[in-house]
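What follows is the residue order along each chain.
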Amino acid sequence: MLFPPDFRWGTATAAFQVEGNNTNSDWWAWETQPGTILNGHRSGLASNWWANAEADLDAAAEMGTNAHRLSLEWSRIEPEPSVFDEAALERYRAILQGMVDRGIEPMVTLHHFSNPLWLVEKGDFNSEIVLDYFGRYVGKVVDRLGDLVSKWITINEPMVYLFMRYLDGTFPPPQRPGWYGLREAFGRLLACHARAYHIIKEAYPAAEVGIAKNMPIFEAKPGSGIVGRWWAGRIDWLFNRAWMGAMVNGRLPPPFGRSTIPHLANSFDFVGINYYTRFYTKLGLGFDWIEREWPAGTVVSDGNYGEIYPYGLYRVIKSALPYNKPIYITENGLPDAADKLRPAFILDHLRQVWQAICFCFPVMGYYHWSLVDNFEWDRGWTQRFGLISLDPDTQARTWRPSAHLYKEICHSYSISSDMAATYAPEMLPVMFPGEAPAPVHGW
Ligand code: BGC
C-alpha cells in the first residue's frame, strides 16, 4: 500500500511532556499537590529534551521521518509577565534548526495544555487579559522562530483541555469554575486562536496554520434505542463539531454563546486530527458521559486507556471532508509498554489513512504519538506511548519493535505484507488476505 511521495511521516511530542524542569508552568505546581498524578509521579527531567532533544531527533532522522510536531512552553519563553527569556528562545531556535538540518519539517504548537503560572493567577482564559498576553507571546515567537516553521497549530485539543480542566478535575488549576467557566473559556480560546492565526499569516502568508482537534468516535452502545443514539449524536456535536463549526463561520454556537468572534471565520488552513479511540456514550445527569467498560472481546490498551478501533480513523477523516481543507493526522497512538499491540495498531491505522488517500481524501501526513515515552499528564509515567521506550531515571532509551516497523514504513512510503508478516502476523489475513497462508481444511 503505497503513499504519495510528498506525504509527511512524522512523530509528535509536547513541551511539558518531554522537556523537563518546566518549573514556571501550572503543571509543575499541580504535580506537587498530593493526589493529582497517578502513583505520585513527577515529570522531573521528563525526556530531557531541554538539554538534549537532539538525541531523539537523531533517532527520528534514522527512522526516516520527515516531520515532527512539537510544542513551545509559554512559561519558559515568558517566565514573568512581559519578561521574555532570550536564552529560551535561542534554545528553541537550536532545536528547530536541528530538525530542519536533519530533514525533519517542524510543526509547532503554541498551546498544548500548559500555562505560565502567572497567567493562571491572572485568570487566564476566564479573563479578557489573556488575549493580549497570548497575542504578544505569539508575536514574539513568530518574530524569533517563524523563518524556521511552515506549519503551526495554535491550540492543542481545545475540548479535551476544557473538559479536563473545568469539569473532570484532572488538569490544573485546583479552582473549578465548572460549566460557566468552561463556556467562557471556549470563546476565549477561539479568540486566542483567531488572533494567533492572523499574527502568523501577516508575517508569513505562506505558513499553514490550523488546530489539533481530538476527534474520538462517539457511539451509542450496540443495541441502544433511539434516545441513546440521539444522545451519542449530541455528544459528538458538542465535543467534535461545535468548535469546528465556530472556526468555519466565526460565531459561538449555543450553548457556548451566540456572539460573533472578530476575524475567526475561516481562520484555518488545515484540519489537524488527533485520533485515539471510540467511546460509547451513556445517558446521565452531570458530565459522566463515557462508558469505561467495554463490550466483551474489545481490545483495550494499557491502563484501560481506550478501545483499539482503527476504522474509526477512516470515519473521522471522512467526517472532516466537509471542511474542505487539507487534513493532517496530528496525533495517533496508544499506551502499550510491552509493544504487544502497537505494530498491528500502526499498520491498521495507516491502512485506514491509505484507504482515505485512495479515495482522494486530502490526507497529507501522519504524526505518530509519540516518538519517545514521555510524561503522560495525570497518568504520569504509567502509560507509555513511545516508539522508543525510556527509563526516566537513567534516561536510557531502547527502540521498541514498532520503531523498527515505523522506520521501514517511513523509508519505503508504504505498508506491506512483509511488514505485517514480520511485526504483526495476525494482521496478514486482515490486511493482505491474498497473501495469508491458506487455511488448512479437512484432515
Ligand atoms: C494529548 C497528548 C497526550 C496524548 C495521549 C492527547 O490527548 O494531546 O498530550 O499525551 O493524547 O493521551
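Structural data are supplied above this passage.
Residues numbered from 1 in each chain as written. Predicted model: local features only at pLDDT ≥ 70, side-chain atom pairs only at ≥ 80, totals over all residues. Heavy atoms only, no water.

Summarising the element assignment, Glu293 is placed in the loop between β8 (278-281) and α11 (311-319). Assessed through its relative accessible area of 66%, Glu293 is described here as exposed. Separated by 252 residues in the primary sequence, Glu293 and His41 place their C-alpha atoms 26 Å from one another. (Helix = DSSP H or I, 4+ residues; strand = E, 2+ residues; numbered from the N terminus. Buried < 20%, exposed > 50% of the residue type's maximum accessible area, 1.4 Å probe, protein only.)

Our next topic: the pairing of strand β4 (residues 151-156). Burial analysis of β4 places six of its six residues in the buried class, the great majority of the element. Pairing of β4 with strand β5 (residues 208-214) involves four bridges; the strand directions are parallel. Residue pairing across strands places Ile153 opposite Gly210, the latter belonging to β5. (Pairing = 2+ DSSP bridges.)

So, on to the packing of helix α8 (residues 158-168) against helix α9 (residues 178-203). Following both chains from N to C, one finds α8 and α9 inclined at 155°, their axes separated by 9 Å at the closest point. Judged on the interaxial angle alone, α9 and α8 are roughly antiparallel. Between α8 and α9 the crossing geometry is right-handed. Contacts from Pro158, Met159, Tyr161, Leu162, Phe163, Tyr166 and Leu167 in α8 reach Gly178, Trp179, Gly181, Leu182, Ala185, Phe186 and Leu189 in α9. Looking at the contact of α8 with α9 residue by residue, the class counts come to 12 nonpolar, two polar and no charged. (Axes fitted to C-alpha atoms, helices over the stretch in contact; angles between N-to-C directions. Parallel < 35°, antiparallel > 145°, perpendicular 65-115°, else oblique. Left-handed = near helix turned anticlockwise from the far one by under 90°. Contact = heavy atoms within 4.5 Å. Nonpolar A, V, L, I, M, F, W, Y, C, P; charged D, E, K, R; others polar.)

For the rest of this paragraph, the subject is the site of the ligand. The local shell around the ligand consists of Gln17, His112, Phe113, Asn156, Glu157, Tyr276, Tyr305, Glu331, Trp369, Glu376, Trp377 and Phe385. Within the contact set of the ligand, an oxygen atom lies 2.5 Å away from a side-chain nitrogen or oxygen of Glu157. Contact distances for the ligand include 2.5 Å between an oxygen atom and a side-chain N or O atom of Glu376. Out of a free accessible area of 310 Å², the ligand has 96% covered by protein chains. (Near = heavy atom within 4 Å. Polar contact = N/O pair within 3.5 Å; in protein donor to acceptor, adjacent residues only side chain to side chain. Areas by Shrake-Rupley, 256 points an atom, 1.4 Å probe, with all protein chains shown as cover.)

On to unusual backbone geometry, then. For the bond from Pro172 to Pro173, the omega torsion is 0°, close enough to zero to count as cis. One can find Pro173 in the loop between α8 and α9. Residues Pro254 and Pro255 are joined by a peptide bond in cis, for which omega reads 10°. Structurally, Pro255 is set in the loop between α10 (226-249) and β7 (270-274). For Trp377, which is not a glycine, the phi torsion comes out positive at approximately 50°. Structurally, Trp377 can be placed in the loop between β10 (363-369) and β11 (388-391). Residue classification places Trp377 among the buried positions, given a relative accessible area of 4%. Within the chain, Gln395 stands out as a residue other than glycine whose phi angle is a positive 65°. Looking at where Gln395 falls in the secondary structure, it is placed in the loop between β11 and β12 (396-399).

Turning our attention to the packing of aromatic side chains. The final tally for this structure, using the stated rule, is 43 aromatic pairs. Seen from their ring centres, Tyr309 and Tyr311 are 6.4 Å apart, and the 90° between their planes marks the pair as edge-to-face. Taken together, a centroid distance of 6.4 Å and an interplanar angle of 70° make the contact between Tyr328 and Tyr367 edge-to-face. Placement of the pair is Tyr328 in strand β9 (residues 327-331) and Tyr367 in strand β10, with a sequence separation of 39 residues. Note on Tyr367: relative accessible area 0%, which makes it buried. Taken together, the ring pairs connect Phe16, Trp27, Phe113, Phe125, Tyr161, Phe171, Phe375, Trp377 and Trp381 into an aromatic cluster. The residue whose ring lies beneath Lys325 is Phe268, and the NZ or CZ to ring-centre distance is 4.7 Å. (Phe/Tyr/Trp six-rings, centres within 6.5 Å; stacked < 30°, edge-to-face > 60°. Lys NZ or Arg CZ within 6 Å of the ring centre and 35° of its normal.)

Turning to the nonpolar core, a few remarks are in order. Within the largest apolar cluster, 132 residues are counted, with the highest numbers of intra-cluster contacts made by Leu110, Trp152, Ile273, Ile317, Val353, Tyr406 and Ile409. Per-element accounting of this core gives the leading share, 11 residues, to α9. Discounting residues that sit within four places of it in the chain, Trp152 has contacts with Val108, Leu110, Val141, Val142, Gly146, Ile200, Ala207, Glu208, Val209, Gly210 and Phe270. Ile153, Phe270, Tyr276 and Trp369 belong to the second-largest nonpolar core, a separate cluster that totals 12 residues. (Core = buried A, V, L, I, M, F, W, Y, C linked by side-chain atoms within 4.5 Å.)

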